[in-house]
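# Chain and residue survey
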Amino acid sequence: PNVWPWAMIFPQSGDTLPLQIIPSGPDQEFNANALTHFAAVSSARRRVYVTSPYFIPDESALSAMVSAALRRVDVRIMVPRHSDVKIAAYAGRWYYGKLLRGGVRIYEYEPAMLHAKMLVVDGRVAIVGSANADIRSWRLNFELGAMVADPAFARRLEERFVRDLAHSHEMTLEDVARRSASAKP
């Protein structure tokens, strides 16, 4: 049938999920989405999967991801290879070297512009919503997210993430160096 692939992730009629709605915006002194992402990554024990069309982390998010990877948490980030906002893609790629050296794995999704926004921690908790994993979403935009504490829901998102890896290029430090060299005048 003509079913949007993500629609299969959501529960069937009558099912309930434990969730927390996370509104955030520039009117908050401490951005709820940024703090929730930080806390989720910082509490991870086994794995963290992040999908974001625009990835420009602040220093706290960057530190949380590298810290998790250094304690042997499998931290993976998926971003689009071809962005509809070139400057955002260039800005996000600036962080690749530090993340890769810290043990974070980065994948660029190749088939199309990736617009999903999610974070899954340890196959138990997922955050989905309008917020990108970037400074603009956390500082300038009004966003709405949902943190769902349901292992079945989180596993479905993880399975989708893993399927999308087959259509993605895993970035290496050599890729970063090659890109940097080709960008020089």
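For every chain, the first residue of the written sequence is number 1, and numbering continues from 1 along that sequence. For this predicted model, a pLDDT threshold of at least 70 governs which residues receive local features, and a threshold of 80 or more governs which side-chain atom pairs are given and counted, while totals over whole chains, interfaces and linings are taken from all residues. The basis for every side-chain value is the complete set of non-hydrogen atoms in the structure, without hydrogens or water.

### Side note on a nonpolar patch on the surface
Spelled out, the test is: Each patch is built from residues lacking any salt bridge and having more than 30% relative accessible area; the joining distance is 9 Å for like charges and 5 Å for nonpolar side chains (Val, Leu, Ile, Met, Phe, Trp, Tyr). Only the protein chains shown count as cover for residues, with accessible areas throughout obtained via the Shrake-Rupley method and a probe of 1.4 Å. Any carboxyl oxygen of Asp or Glu that lies within 4 Å of a side-chain nitrogen of Lys or Arg is treated as forming a salt bridge with it. By the criteria applied, helices consist of DSSP H or I runs no shorter than four residues and strands consist of E runs no shorter than two, each listed in order from the N terminus. Only protein chains enter the accessibility calculation, which uses a 1.4 Å probe. A residue is then buried if its area is under 20% of the maximum for its type, exposed if over 50%, and partly exposed in between.
Together, L19, I21 and L144 give the surface a local cluster of nonpolar side chains, amounting to about 280 Å² of exposed area. Mapped onto the elements of the fold, L19 is located in strand β1 (residues 19-24). A relative accessible area of 48% places L19 in the partly exposed class.

### Details of the pattern of salt bridges
Following the criterion strictly, the structure yields ten salt bridges and no others. For K98, the salt bridge is made with E59, and the minimal N-O distance between the two is 3.6 Å. Of this pair, K98 sits in helix α4 (residues 96-101) while E59 sits in helix α2 (residues 59-70), placing them 39 residues apart in sequence. Among the residues examined, K98 registers a relative accessible area of 42% and is labelled partly exposed. Here R105 ties to E170 by a salt bridge, and the two come within 2.8 Å at their closest N and O atoms. On the criterion of sequence distance, the pair formed by R105 in strand β5 (residues 105-109) and E170 in strand β10 (residues 168-170) is long-range, its members being 65 residues apart. Classification of R105 as partly exposed rests on a relative accessible area of 30%. Three or more residues joined by partner-sharing salt bridges are found here, namely R81, R93, E108 and E110.

Everything listed here is a matter of coordinates, which is why it stays silent on function.
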